[in-house]
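# A closer look at the structure
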Amino acid sequence: MEKVQDDIIGKRIGIYDVLYECDYKSTDNHRLFHVKCYKCGWETDMQKRHIRMTHQCHHTNVIGRYVLNYKFDNKTLCHIYKGILTRCYNKNDASYRFYGQKGIKVCYEWLNDPKSFENWSLQNGYKCGLTIDRIDPYKDYSPDNCRWVTASYNSKYKSTTKITTVNGLSYTGREWAKILGLGTNTINLMLRNYPEEKVKEFINRRMQDKTVHRHSRKTWMESYGL
């Protein structure tokens, strides 16, 4: 009779934290344990002997990109998924400064299970030609913060675009300028030269009264008593 193995659950062995024993066995009838790499967060099920044999993390390549262990059915979604990982985790990528450097990450579910990303995409509006968009540009890539939009829509709200919210309405500087009947760059210039709260107050007052005109010797701020 096979000797019962020592309990390894809750211990760190090599690069893996052993989380729990699986309720099924390998095809050759060996016990399986669910493990998580403490270096990169990658998870999988492994036999005990394989856990002990692994001493280096190979789940990411030399530039920090996660090595996919899942074959996408949709090749375009695979390309999009890899692009998300690259701009969030590859410090050598040109877009990293707008994403990973700002703390933008991929949620635990999508990062550790690419299949869940593909399934979510196909069940939540993905069509060929659409791009993934984060609803809140300051939050991570996750099911509750992402949607599929046209490329032209997404380009307006890239991570470098400043969104200003006043009275529950959120628009870019150019959009606010159009709504307020001002020159295209008026609000963006204000945001560069004045505190954001002062610009928001200007927008608020302008929304209440658009009949005020700016005299040549006054700024728009002065015209509204700011």
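Now for a look at the structure at hand.

### Here we look at the overall build of the chain
Scanning the chain from N- to C-terminus turns up 9 helices and 8 strands. Looking at the chain as a whole, 38% of its 226 residues qualify as buried. Long-range pairs, those at least 24 residues apart, make up 40% of the contacts in the chain with a sequence separation of at least 6. In the structure as shown, the chain presents an accessible area of about 14,200 Å², 49% of it carried by carbon and sulfur atoms.

### Side note on helix α8 (residues 196–208)
Here α8 is 13 residues long and its end C-alpha atoms lie 19 Å apart, about the 18 Å a rise of 1.5 Å per residue gives. Turning to α8, its buried residues are Val199, Phe202, Ile203, Asn204 and Arg206. In this structure, the buried residues of α8 make contact with β7 (163–166), α6 (173–180), α7 (186–193) and α9 (220–223).

### Concerning the pattern of salt bridges
Taken as a whole and judged by the stated rule, the model has 6 salt bridges. Notably, a salt bridge pairs glutamate 201 with arginine 205, separated by 2.8 Å at the nearest N-O pair. In this pair, glutamate 201 and arginine 205 are both assigned in helix α8, 4 residues apart and thus about one turn of the helix distant. Salt bridges sharing partners connect three or more residues here, namely Glu196, Glu197 and Lys200.

### Quick look at the packing of aromatic side chains
By the definition in use, this model includes 12 aromatic pairs. Between tyrosine 81 and phenylalanine 117, the ring centres sit 5.3 Å apart and the planes meet at 45°, which makes this aromatic pair tilted. Of this pair, tyrosine 81 sits in helix α2 (residues 75–89) while phenylalanine 117 sits in helix α4 (residues 114–123), and the two are 36 residues apart along the sequence. With a relative accessible area of 2%, tyrosine 81 lands in the buried category. Of the residues examined, phenylalanine 117 reaches a relative accessible area of 0% and is grouped as buried. Among the aromatic residues, those joined into a ring-pair cluster are Phe72, Tyr81, Trp110, Phe117, Trp120, Tyr126 and Trp148. Note that arginine 12 overlies the ring of tyrosine 38, its terminal NZ or CZ placed 3.9 Å from the centroid. A cation over a ring is seen here: arginine 87 above tyrosine 99, with NZ or CZ 5.4 Å from the ring centre.

### A word on the sheet that holds strand β2 (residues 16–25)
If you trace the 4 strands from one edge of the open sheet to the other, you get β1-β2-β3-β4, paired in antiparallel fashion. Because the sheet does not close on itself, it has two edges, and the strands there are β1 (12–13) and β4 (43–46). Strand direction decides the pairing type here: β2 and strand β3 (residues 31–37), joined by 6 bridges, are antiparallel. If you follow lysine 25 over to β3, its bridge partner there is arginine 31.

### A few points about the environment of asparagine 193
Here asparagine 193 lies in helix α7. For asparagine 193, a relative accessible area of 58% translates into the label exposed.

### With respect to the environment of arginine 205
Exposure remark for arginine 205: the relative accessible area of 29% places this residue in the partly exposed category. Apart from the residues within four sequence positions on either side, arginine 205 is in contact with Tyr224, Gly225 and Leu226. Here glutamate 201 takes part through its side chain, which lies 2.8 Å from a polar atom of the side chain of arginine 205. Among the polar contacts listed, one links the side chain of arginine 205 to the backbone oxygen of tyrosine 224, at a separation of 2.6 Å.

### Here's the deal with the nonpolar core
Formed by 22 residues in total, the largest nonpolar core has its most connected members in Ile80, Ile84, Trp110, Phe117, Ile132, Tyr141 and Trp148. At the level of elements, α2, α3 (108–112), α4, β5 (130–134) and β6 (146–150) are the ones that each hand at least two residues to this core. Top contributing element to this core by residue count: α2, with 7 residues. Core analysis: the next-biggest nonpolar cluster, separate from the first, contains 13 residues, Leu180, Met190, Met221 and Tyr224 among them.

### As for the side chain of arginine 206
Topologically, arginine 206 is positioned in helix α8. Setting aside residues no more than four positions away along its own chain, arginine 206 makes contact with Leu180, Gly181, Leu182, Val212, Trp220 and Tyr224.

What counts as what
- Residues numbered from 1 in each chain as written.
- Predicted model: local features only at pLDDT ≥ 70, side-chain atom pairs only at ≥ 80, totals over all residues.
- Heavy atoms only, no water.
- Helix = DSSP H or I, 4+ residues; strand = E, 2+ residues; numbered from the N terminus.
- Buried < 20%, exposed > 50% of the residue type's maximum accessible area, 1.4 Å probe, protein only.
- Contact = heavy atoms within 4.5 Å.
- Areas by Shrake-Rupley, 256 points an atom, 1.4 Å probe, with all protein chains shown as cover.
- Expected span 1.5 Å × (residues − 1).
- Salt bridge = Lys/Arg side-chain N within 4 Å of Asp/Glu carboxyl O.
- Phe/Tyr/Trp six-rings, centres within 6.5 Å; stacked < 30°, edge-to-face > 60°.
- Lys NZ or Arg CZ within 6 Å of the ring centre and 35° of its normal.
- Pairing = 2+ DSSP bridges.
- Polar contact = N/O pair within 3.5 Å; in protein donor to acceptor, adjacent residues only side chain to side chain.
- Core = buried A, V, L, I, M, F, W, Y, C linked by side-chain atoms within 4.5 Å.

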